Amino acid sequence: MNIKNDQRTILSSVFVALLLSAFISLTGCKEEGPAEEAGRRADEAAERTNERLEEMTEQRQEAIEEREESMGSESGSVEQYLDDSAITAKVKAEMVADPILSATKIDVITEKGVVKLSGVVDSQQSVDRALEITRGINGVQSVENNLVVTPVPK
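Keep in mind that this is a model prediction, so the values were computed, not measured.

A. Main features of the pattern of salt bridges. Applying the stated criterion to the full structure yields 4 salt bridges. Linking Lys105 and Asp107 is a salt bridge whose minimum nitrogen-to-oxygen distance equals 2.8 Å. Given a relative accessible area of 57%, Lys105 falls into the exposed group. The exposure class of Asp107 is partly exposed, given its relative accessible area of 35%. As a salt-bridge pair, Glu111 and Lys116 come within 3.5 Å of each other at their nearest N and O atoms. Bridged by salt links that share partners, the residues Asp98, Arg129 and Glu132 form one connected network.

B. Quick peek at the nonpolar core. With 17 residues, the main nonpolar core has Met95, Ile106, Val108, Leu117, Ala130 and Leu147 as its most contacted residues. Elements represented by at least two residues in this core include exactly α2 (34-97), β1 (105-111), β2 (114-121), α3 (124-135) and β3 (142-149). A total of 4 residues in this core trace back to one element, the largest contributor, which is α3. If we skip the residues at most four places from it in the chain, Met95 touches Leu101, Ser102, Ile106, Val108, Leu117, Ala130, Ile133 and Thr134.

C. Quick peek at a negative patch on the surface. Together, Asp43, Glu47, Glu51, Glu54, Glu58, Glu62, Glu65, Glu66, Glu68 and Glu69 make up a negatively charged patch on the protein surface. Within the element layout of this structure, Glu62 appears in helix α2.

D. Fine view of the sheet that holds β1. Read across the open sheet, the 3 strands follow the order β1-β2-β3; overall the sheet is mixed. Taken across any chain shown, the strands that pair with only one partner, and hence form the sheet edges, are β1 and β3. Strand after strand, the sheet turns through a mean of 10° between neighbouring axes, direction not considered. Taken together, the 7 bridges between β1 and β2 define a ladder with antiparallel strand orientation.

E. Seen up close, the environment of Val91. Following the sequence through the fold, Val91 ends up in helix α2. Classification of Val91 by relative accessible area gives buried; the value is 0%. For Val91 and Val140, which are 49 residues apart along the polypeptide, the C-alpha to C-alpha distance reads 9.7 Å. With residues near it in sequence (within four places) discarded, Val91 still touches Val108, Ile133, Thr134 and Ile137.

F. Examining unusual backbone geometry more closely. With a phi close to 55°, Lys112 is a non-glycine residue in the positive phi region. Checked against the element boundaries, Lys112 lands in the loop between β1 and β2.

Cut-offs used in this document
- Residues numbered from 1 in each chain as written.
- Predicted model: local features only at pLDDT ≥ 70, side-chain atom pairs only at ≥ 80, totals over all residues.
- Heavy atoms only, no water.
- Salt bridge = Lys/Arg side-chain N within 4 Å of Asp/Glu carboxyl O.
- Buried < 20%, exposed > 50% of the residue type's maximum accessible area, 1.4 Å probe, protein only.
- Core = buried A, V, L, I, M, F, W, Y, C linked by side-chain atoms within 4.5 Å.
- Helix = DSSP H or I, 4+ residues; strand = E, 2+ residues; numbered from the N terminus.
- Contact = heavy atoms within 4.5 Å.
- Patch = residues over 30% accessible without salt bridge, like charges linked within 9 Å, V, L, I, M, F, W, Y side chains within 5 Å.
- Areas by Shrake-Rupley, 256 points an atom, 1.4 Å probe, with all protein chains shown as cover.
- Lys, Arg positive; Asp, Glu negative; His and termini not counted.
- Charge placed at Lys NZ, Arg CZ, Asp CG, Glu CD.
- Pairing = 2+ DSSP bridges.
- Axes fitted to C-alpha atoms, helices over the stretch in contact; angles between N-to-C directions.

Here you go:
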């Protein structure tokens, strides 16, 4: 019988100790001490910093993409300018080397592969030859003929 009473006493003591520890724990959770408050503030600051970093990263990425698009379009226009310049140079070189056109003054302007011919020539044969030469150059998309025929007085 003594053993049963001792066991009950031990169980009662353990039960009371558990209740007290639970009560103390719950009471302690209600009030925030300086360490807990500092930890909470640090967590909040870290969260705000992470949010700001993510926002700044997104802004940087957008700026990089805009710059890449801008550079791509600028690069394209430079390449187009170089292509147009090469076409103009080839057309002029062929015209200078041609016996029919070598003495004529024909202006050649190229924009996005479209070659514009202007000036005064002495015959329809010169117009036809200028058009033939221009259309034969690689990269020419089309030809705008603004050549004027004015026969040379004899």
